[in-house]
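Chains, contacts and geometry: an overview
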Amino acid sequence: MEAVWAAVGFGLVSGSAVAVAALGFNLNLAVSNVINVGFIAFMMVGQFMAHVFWPLGLGPWLPTALACVATALVAVLVGIVVEYGFNKRSAAPFTLVIVTFAVASIAVSVLSVVFGTSAYSFPVPQSLLSAVSVLGLTFTWAQLIVLAMAAGIVAAVDALLRWSSFGRSVRAIADDSALAKAAGLRVDTVVFAVWALSGGLGALSGVLLAYTVSNFTTTSDEAYFVLIVAAAFTGGAGKPLGSAVGGAIIGIAGSLVAVASPSLSPVAAFAVLVLVLVVRPTGVLGKARQVTRA
Amino acid sequence: MHNLRARLPGKGLEPIARGSTQVTRVARSTGGLIALLAVIALIAGCGAASSTSKNTTTPITFGVAAAFTGPTSYDGAIFGTAVKIACGAINKAGGVLGHRCSMDAINTLGDAADGALAVRKAFATDQNLEAVLGLSTGEATTEVPIVIANHAVAFSIAGNQTLFNNSKLAPYLYMDQPPDSQTGVALALAAVKEGCNRPALVFQTGPDAAPAAAGTDAALHNVGVTPTANISLPQGLPSYSSVASQVVASHPQCLVTEIDDPASAGTFFGDMATALGGKYSLKTISDDVATAGPWVKAVGNAIGQSALTGDFQIVQPATPPTTPGSKFVAAQWPKYHSGVPVTASFSEPLYDSAILAALAMDQTHSLSASKWSPDVAKIAAGEPGGTTVYTYAEGVKALKAGHAIHYVGAIGNMHWDSEHSQTLPQAAYGLLAGGALGTKAIITIGGRQIASASKGVAKSIQ
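Note that this is a predicted model, so its numbers are computed, not measured. (Residues numbered from 1 in each chain as written. Chains lettered and ligands numbered in written order. Predicted model: local features only at pLDDT ≥ 70, side-chain atom pairs only at ≥ 80, totals over all residues. Heavy atoms only, no water.)

Looking at the overall build of chain A
Our working definition: The helix count covers DSSP runs of H or I at least four residues long, the strand count covers runs of E at least two residues long, and both are numbered beginning at the N terminus. Atoms counted for the radius of gyration: C-alpha only. Globule rule: 2.2 Å times residue count to the power 0.38. For every residue, the accessible area (1.4 Å probe, protein chains only) is compared with the maximum for its type, and the residue is labelled buried under 20%, exposed over 50%, or partly exposed between those bounds. Note on contacts: a residue pair qualifies if any of its non-hydrogen atoms lie within 4.5 Å across the two residues. In summary, the charge assignment counts Lys and Arg as positive and Asp and Glu as negative, without counting His or the chain termini. Where a charge lies is defined by one atom per residue type, namely NZ (Lys), CZ (Arg), CG (Asp) and CD (Glu).
If you tally the helices and strands in chain A, you get 11 helices and two strands. Going from the N terminus to the C terminus, chain A shows its helices and strands as α-α-α-α-β-β-α-α-α-α-α-α-α. Relative to the compact-globule value of 19 Å for 294 residues, chain A shows a C-alpha radius of gyration of 19 Å, a close match. Out of the 294 residues belonging to chain A, those deemed buried represent 50%. Here the contacts in chain A between residues at least 6 apart in sequence split such that 75% fall between residues at least 24 apart. Each charge class in chain A can be summarised by its mean position, and for the 12 positive and 8 negative side chains these summaries are 12 Å apart.

Okay, structure coming up:
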């Protein structure tokens with residue numbers, strides 16, 4: 001029983017970075033109706049941009065902030081290609097998936113050429129690696145910081161979407177972009193702002209993940225896309241707050257399965273996704289919606 | 001005038017007049033046909049003749065199948081240099097049956113599919129390819145069958161268990177490295193010799209580590225030791241905290257492990273450090289995957305370089321004693337490739353394999369693999385009363401004098417069993433900064449110990 005309860009704690013930590021990533025993925029999906037297979041490229045760009053900016057000091061805060069800005073700009077560029085090149089021309093959804101996949105592949109290749117295949121890491125002070133017990137769960141201080149940051153980011157984005165005019169615009173476009181445009185909303189501006197926000201969240205999740213797993217390479221994030229998609233759809237496709245729920249569920253499920261059999265841990269995400277979609281196809285917090293393209 | 005009729009192609013019988021242009025045309029075409037048939041017969045006859053009747057100006061080729069470009073081009077540099085040095089020694093002593101030796105770089109790009117294409121192309125373009133050396137783990141299962149199908153001999157440094165289990169390949173396949181399961185046996189014996197009677201086992205899921213995992217498990221069983229935990233670790237997860245907790249909770253005295261993926265290794269050992277209270281402090285015994293640069297960097301980032309160099313030991317084939325052959329290889333190496341160091345594990349066995357192949361051809365007076373291949377093992381094992389030789393030149397001289405020979409090469413004695421597999425003594429070395437190994441073995445494990453503890457290792461490991 002102790003091992004099971006410990007696994008819940010581990011799952012929350014591993015699920016926290018996934019939750020932030022799923023949040024960015026879900027925003028993209030909600031507004032652009034694009035399954036952005038290249039989302040992991042935002043995570044990798046964020047990690048390596050933070051690494052590049054690290055010598056500027058004030059790590060991890062300043063490098064991470066700059067990495068978010070840089071990745072947001074990259075995301076906007078990707079968004080321009082996707083929206084003007086394909087989405088506005090009514091390209092098939094599968095075409096959009098392929099385009100985003102191609103973008104991710106290009107990003108990985110460029111990063112591999114520049115940074116090679118070595119492992120990189122962000123330094124963690126030894127004091128943050130000491131253990132602390134919270135509600136019977138054992139964490140390190142660094143893990144608690146990651147958890148707190150993930151929770152804070154999700155709460156901040158949720159507040160932005162609920163109470164700001166930008167958030168109202170995002171929700172309106174997510175519900176019905178044609179109606180939103182007819183109502184006078186600047187749909188294109190909001191769409192590209194969401195691409196930027198998605199990129200920034202990707203960068204944040206990449207940095208959080210790098211702290212969680214101790215190191216990162218130009219290919220190490222590829223395996224997380226499955227977890228991100230599983231978390232996004234488990235929580236509710238296009239439902240930003242569902243990402244936090246989905247991330248927690250996926251993380252805890254993986255850790256619990258690992259207690260019984262580590263080899264089965266990778267399939268836990270799929271099993272949870274299938275179960276949720278059978279029982280509640282819209283996801284835990286999702287609701288059925290009809291999307292009309294502007 | 002009689003009309004001479006001749007059947008012209010496609011025209012049926014046509015009347016022909018002597019002296020006419022038609023006769024000339026027919027005569028030319030008939031003569032040309034006869035000449036063509038004669039040339040074809042000549043070429044076919046040459047091909048069917050004994051292979052020793054090759055023109056001695058034609059060199060024989062030893063192909064080296066490895067990555068010569070790309071991220072793993074390090075392999076090609078090491079393997080190719082070793083065989084070039086062997087060819088240099090062979091040519092200096094007059095070649096093989098009068099034929100000069102040359103090395104052909106078969107660039108596999110480090111990939112099984114690309115390697116298969118490259119090996120096929122090599123045989124299609126080089127009729128003198130006698131043997132292919134290198135053929136490392138990850139590529140060998142696709143490349144070795146092609147080599148053998150082309151009636152050449154394969155000398156492989158792979159640890160793939162499937163190759164060792166395939167008796168159809170054995171006559172033309174020589175394994176220059178022990179199978180991975182043997183490495184696993186050595187890991188287990190190293191742990192026990194170090195006083196670890198409560199080891200925890202953590203091996204990466206998948207075909208790369210499976211043979212070593214099976215070898216370790218079987219060897220511990222054979223020596224009466226029960227692991228406290230035996231975990232198959234899937235690659236690429238964001239957290240191994242549950243696994244690390246299980247391992248630590250079993251109170252092991254040491255960890256025996258092979259985790260090939262550097263990122264996964266970094267994550268796992270980082271979580272182990274957390275589970276151990278924030279500092280990694282468990283004696284850990286791994287094989288030489290833990291000496292690769294990316295692996296050392298990833299794990300060092302996770303647990304600190306001091307923990308890596310303080311707690312980790314690496315088990316691999318023991319550094320062989322210095323022999324005349326190893327001195328020769330070391331002396332020649334900088335002339336061919338100063339960019340990479342001699343790596344005893346691979347360069348010396350490949351050098352010795354090329355020399356043994358050449359001596360086998362000399363001994364059997366044949367360039368036909370079916371005739372010389374069995375003599376490779378015979379010369380390596382030696383016969384009672386045979387002359388021990390340390391170089392190709394000495395071997396040729398002894399053969400000319402009518403003596404049986406026993407070649408002791410750069411790596412020392414190479415003992416191939418009936419399936420052309422080797423059991424080599426292994427040793428544990430300390431892991432130093434940057435992935436280097438300590439020069440002095442902490443413990444050694446003899447070949448007989450390994451063979452004895454290998455009983456029951458499943459031969460059907462895939």
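Some words on the interface of chain B and chain A
As a measure of interface size, the accessible area lost when the parts come together is often cited. Heads up, the rule is: Buried area is understood as the total, over both parts, of accessible area removed when two parts are fitted together, assessed with a 1.4 Å probe. For this analysis, a salt bridge means a side-chain nitrogen from Lys or Arg found within 4 Å of a carboxyl oxygen belonging to Asp or Glu. Counted as a polar contact is a pair of N or O atoms within 3.5 Å, where, for protein atoms, one must be capable of donating a hydrogen and the other of accepting one, and residues adjacent in sequence contribute only when both atoms are in side chains. Residues were grouped as follows: Ala, Val, Leu, Ile, Met, Phe, Trp, Tyr, Cys and Pro as nonpolar; Asp, Glu, Lys and Arg as charged; and all remaining residues, including Gly, as polar.
With 24 residues of chain B at the contact, the number on the chain A side is 28 residues. Summing both sides of the interface, chain B and chain A together bury roughly 2000 Å²; the carbon and sulfur share of this comes to 58%. The tally of links from chain B across to chain A stands at zero salt bridges. Summed over the shared surface of chain B and chain A, the result is six residue pairs in polar contact (both at pLDDT 80 or more). For the side of chain B that touches chain A, the secondary-structure elements that each account for two or more residues are strand S9 (229-233), helix H8 (241-249), helix H9 (262-275) and helix H10 (293-303) of chain B. Residue classes in the side of chain B that touches chain A are distributed as nine nonpolar, 14 polar and one charged.

Let's talk about empty space enclosed by the protein
Stated formally: Cavity means a closed set of points on a 1 Å grid over the protein atoms alone, one where a 1.4 Å probe fits but cannot get out, pocket means an open set with protein on both sides within 12 Å along at least 5 of 7 lines, and lining means a residue has an atom within 4 Å of a point. Grid points are joined across faces, edges and corners, and a volume is the space filled by probe spheres set on the points.
If you walk through the whole model with that rule in mind, you get three cavities of 30 Å³ or more. The space that makes up the largest cavity amounts to roughly 210 Å³. Surrounding the largest cavity, 22 residues form its lining, Ser 14, Gly 254, Ser 255 and Ser 265 of chain A together with Pro 238 of chain B being those nearest its centre. Within the residue set of the lining of the largest cavity, elements represented by two or more residues are helix H1 (2-32), helix H10 (240-260) and helix H11 (265-279) of chain A together with H8 of chain B. Residue contributions to the lining of the largest cavity peak at six residues, all from H10 of chain A. Class assignment of the residues belonging to the lining of the largest cavity gives a composition of 12 nonpolar, 10 polar and no charged.

A word on the state of the cysteines
Residues and elements named next belong to chain B. Under the convention used in this document: A pair of cysteine sulfur atoms is labelled a disulfide when the two atoms are within 2.5 Å.
Under the counting rule described, the total for this entry stands at two disulfides over all chains. What pairs with Cys 87 in a disulfide is Cys 101, and their sulfur atoms sit 1.9 Å apart. Of the two residues, Cys 87 sits in helix H2 (residues 73-92) while Cys 101 sits in strand S4 (residues 101-107), which places them 14 residues apart along the sequence. What makes Cys 101 buried here is its relative accessible area of 5%. The partner cysteine of Cys 196 in its disulfide is Cys 254, sulfur to sulfur 2.1 Å. Note on the Cys 196 and Cys 254 pair: the S-S dihedral is about -90°, so by sign convention the disulfide is left-handed. Of the two residues, Cys 196 is situated in the loop between helix H6 (180-193) and strand S8 (199-204) and Cys 254 in strand S10 (residues 254-258); the sequence distance between them amounts to 58 residues. Residue Cys 196 is classed as buried on the basis of its relative accessible area of 3%. Looking at chain B, its bonded cysteines, counted consecutively from the start of the sequence, adopt the pairing 1-2, 3-4.

A closer look at H11 of chain A
Residues and elements named next belong to chain A. The test is simple: In this scheme, a helix's expected span is set at 1.5 Å multiplied by one less than its residue total. Directions pointing from the helix axis toward each C-beta atom define the arc.
Taking 1.5 Å of rise per residue, the 15 residues of H11 would be expected to cover 21 Å, and the 22 Å separating its terminal C-alpha atoms lies within 8% of that figure. Every buried residue of H11 is accounted for by Ser 265, Ala 268, Ala 269, Val 272, Leu 273 and Val 276. For H11, the arc enclosing every buried residue in end-on projection is 130°, short of the 170-degree limit, so these residues lie on one face. Exposed side chains of H11 directed beyond 90 degrees from the buried face belong to Val 274 and Val 278.

Focus: the pattern of salt bridges
All names here are of chain B. Here the structure, examined in full by the defined rule, presents three salt bridges over all chains. Here Lys 283 makes a salt bridge to Glu 194, at a shortest N to O gap of 3.4 Å. Linking Lys 283 in the loop between H9 and strand S11 (284-286) with Glu 194 in the loop between H6 and S8, this pair joins segments that are 89 residues apart in sequence. Residue class for Lys 283 comes out partly exposed when judged on its relative accessible area of 31%. Where Asp 375 meets Lys 378, a salt bridge forms, and the shortest distance between an N and an O atom there is 3.7 Å.

Comments concerning the pairing of strand S15 (residues 426-430) of chain B
All names here are of chain B. Which entries qualify depends on this criterion: When DSSP finds two or more bridges between a pair of strands, those strands are recorded as paired.
Within S15, five of the five residues are buried, which leaves the element mostly enclosed by the surrounding structure. In the sheet, S15 pairs with strand S16 (residues 443-445) via three bridges, with the strands oriented antiparallel. By the bridge assignment, Ala 427 is partnered in S16 with Thr 444.

Structural notes on a nonpolar patch on the surface
So the rule is basically this: Note that patches include only residues with greater than 30% relative accessible area and no salt bridge, and the join distances are 9 Å for like charges and 5 Å for nonpolar side chains (Val, Leu, Ile, Met, Phe, Trp, Tyr). Calculation of accessible area relied on Shrake-Rupley with a 1.4 Å probe; when residues are assessed, cover is drawn exclusively from the protein chains displayed.
On the surface, a nonpolar cluster with roughly 410 Å² of combined accessible area is contributed by Ile 106, Val 110, Val 113 and Val 114 of chain A. Mapped onto the fold, Ile 106 of chain A is located in helix H4 (residues 93-115).

Re the sheet that holds S4 of chain B
Residues and elements named next belong to chain B. Applicable threshold: Comment: axis = line fitted to C-alpha atoms, over the contacting stretch for helices; angle = value between 0 and 180 degrees taken between N-to-C directions.
In spatial order, the strands read S4-S3-S5-S6-S7; together these five strands make up an open sheet with parallel pairing. A single partner strand is all that each edge strand has here, and the edge strands are S4 and strand S7 (173-175). Strand-to-strand twist of the sheet, defined as the mean angle between neighbouring strand axes without regard to direction, takes the value 20°. Relative to S7, strand S6 (residues 153-156) runs parallel, the two sharing three bridges. If you follow Ala 154 over to S7, its bridge partner there is Leu 173. Across the sheet, helix H4 (residues 140-149) is in contact with strand S3 (60-66), strand S5 (129-134), S6 and S7; its angle to S6 comes to roughly 155°.

Quick word on the packing of aromatic side chains
Let me state the cut-off plainly: Working definition: a ring pair exists when centres of Phe, Tyr or Trp rings (six-membered ring for Trp) sit within 6.5 Å. Plane angles under 30 degrees give stacked, over 60 give edge-to-face, the rest tilted. Counted as over-ring charges are cases with an Arg CZ or a Lys NZ within 6 Å of the ring centre that also lie within 35 degrees of the ring normal.
All chains considered together, the criterion is met by 22 aromatic pairs over all chains. For the ring pair Phe 39 of chain A and Phe 42 of chain A, a centre distance of 5.7 Å and an interplane angle of 70° mean the geometry is edge-to-face. Of the two residues, Phe 39 of chain A and Phe 42 of chain A both sit in helix H2 (residues 39-53), three residues apart, roughly one turn of that helix. Here Phe 39 of chain A and Phe 42 of chain A have matching classes, each one buried. Within the aromatic cluster, the residues linked to one another by ring pairs are Phe 48, Trp 54, Phe 115, Tyr 120, Phe 122, Tyr 211 and Phe 216 of chain A. The ring of Tyr 120 of chain A is capped by Lys 297 of chain B, whose NZ or CZ atom sits 4.5 Å from the centre of that ring.

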